[in-house]
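# An overview of the molecular structure
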Amino acid sequence: MALYEPFAVDTFCARKNIDHIAQFLTLPGVEDIDTHHPAVPPIMIVQMQLPTDSPPLFGSVEDGPGWAIVFYFKITEDTCNQLKDLSTASAAVKLFVTYCQNAEKDFAWRSRLKMIGCCSNLEELGVPGAIATYNAKPVMIKKTGSIYRGSSYLEVNINIHKWPTYVQKCIQYMYSQSTLMYLQVGFVIEGREDEDLPETLFGCVGVNRPDEEQAEFFFSEENEDV
């Protein structure tokens, strides 16, 4: 069982990356949630920023037009109960607490985030084998990840603009198939010691048939520099 449960998914377009998206949103009230640990937030947000322009053959572009998928997760009652006494909590809960305490300032801890994307109907779409081999394989989010904390949330941004060119080309190929795809996306903190195992997802969600063309711009044209 994941440590958090999903309660919403947003998609939007932007002419450039909008980091820390939560600062522009009205999140649900969580006054009734006590996580029993000051570092652990009631809400986890993960934003994936995807480029729409083709990556350059040479050099790199770390920002630009694209669309974003934003996942919202709320802590489960079971996780809150475990946080009442860390001495009896699961390995996954203890690991997540340490991540929340350190990831904002410590790159080594921030780099422990893993994303797992799986398309359950990949074969029927006729996707080339070279791309299909990446299906359901964990991806470490290191230099392309950033973290922001608010009063009730921790937000993780994943900037796919910074990913290697060949990976971006694979992702852009998948855009043409996205409206037919049934996707599952999960997030986990990597365990590196025996006491960190077994790893457990802190959040997972299904995204069925996402359509970039249905995503609206987050800001109007006159406010695009906000």
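Residues numbered from 1 in each chain as written. Predicted model: local features only at pLDDT ≥ 70, side-chain atom pairs only at ≥ 80, totals over all residues. Heavy atoms only, no water.

## A look at the sheet that holds strand S2 (residues 43–51)
Spatially, the 5 strands line up as an open sheet ordered S1-S3-S2-S7-S6, and their pairing is mixed. Of all the strands in the sheet, just strand S1 (4–14) and strand S6 (145–149) have a single pairing partner and so form its edges. Averaged over all adjacent pairs, the angle separating strand axes in this sheet is 15°, with direction ignored. Relative to strand S7 (residues 153–159), S2 is paired through 7 bridges, and the arrangement is parallel. Each bridged residue has a counterpart across the sheet, and for isoleucine 45 the counterpart in S7 is glutamate 155. Strands S2 and strand S3 (66–75) of the sheet are contacted by helix H5 (residues 165–175), whose axis makes an angle of about 90° with S2. (Pairing = 2+ DSSP bridges. Helix = DSSP H or I, 4+ residues; strand = E, 2+ residues; numbered from the N terminus. Axes fitted to C-alpha atoms, helices over the stretch in contact; angles between N-to-C directions. Contact = heavy atoms within 4.5 Å.)

## Regarding the pairing of S7
Most of S7 is tucked away, with 7 of its 7 residues classed as buried. Side-chain alternation along S7 places Tyr153, Glu155, Asn157 and Asn159 on one buried face and Leu154, Val156 and Ile158 on a second face that is also buried. In this sheet, S7 lies alongside S6 in antiparallel orientation, the contact comprising 5 bridges. Bridged to isoleucine 147 within S7 is valine 156. Between the end of S6 and the start of S7, which pair antiparallel, lie 3 residues. (Buried < 20%, exposed > 50% of the residue type's maximum accessible area, 1.4 Å probe, protein only.)

## As for the nonpolar core
If you look at the biggest cluster of nonpolar residues, it comprises 52 residues, and the most contacted ones within it are Phe71, Phe96, Tyr99, Leu113, Ile158, Phe187 and Phe202. Not counting residues up to four positions away in its chain, the partners in contact with phenylalanine 71 are Ala8, Val9, Met44, Ile45, Val46, Met48, Val185, Phe187, Val205 and Val207. Residues Ile21, Leu27, Val30 and Tyr153 belong to the second largest nonpolar core, which totals 13 residues. (Core = buried A, V, L, I, M, F, W, Y, C linked by side-chain atoms within 4.5 Å.)

## What to know about the packing of aromatic side chains
Evaluation of the coordinates by the stated rule reveals 7 aromatic pairs. Here the aromatic rings of phenylalanine 7 and tyrosine 72 are separated by 5.9 Å at their centres, their planes lie at 40°, and the arrangement is tilted. Of this pair, phenylalanine 7 sits in strand S1 while tyrosine 72 sits in strand S3; the two residues are 65 residues apart in sequence, bridging distant segments of the chain. Judged by its relative accessible area of 4%, tyrosine 72 falls in the buried class. Cation over ring: lysine 74 sits above phenylalanine 7, and NZ or CZ is 5.5 Å from the ring centre. Across the ring face of tryptophan 109, the terminal group of arginine 112 is positioned such that the distance to the ring centre comes to 4.0 Å. (Phe/Tyr/Trp six-rings, centres within 6.5 Å; stacked < 30°, edge-to-face > 60°. Lys NZ or Arg CZ within 6 Å of the ring centre and 35° of its normal.)

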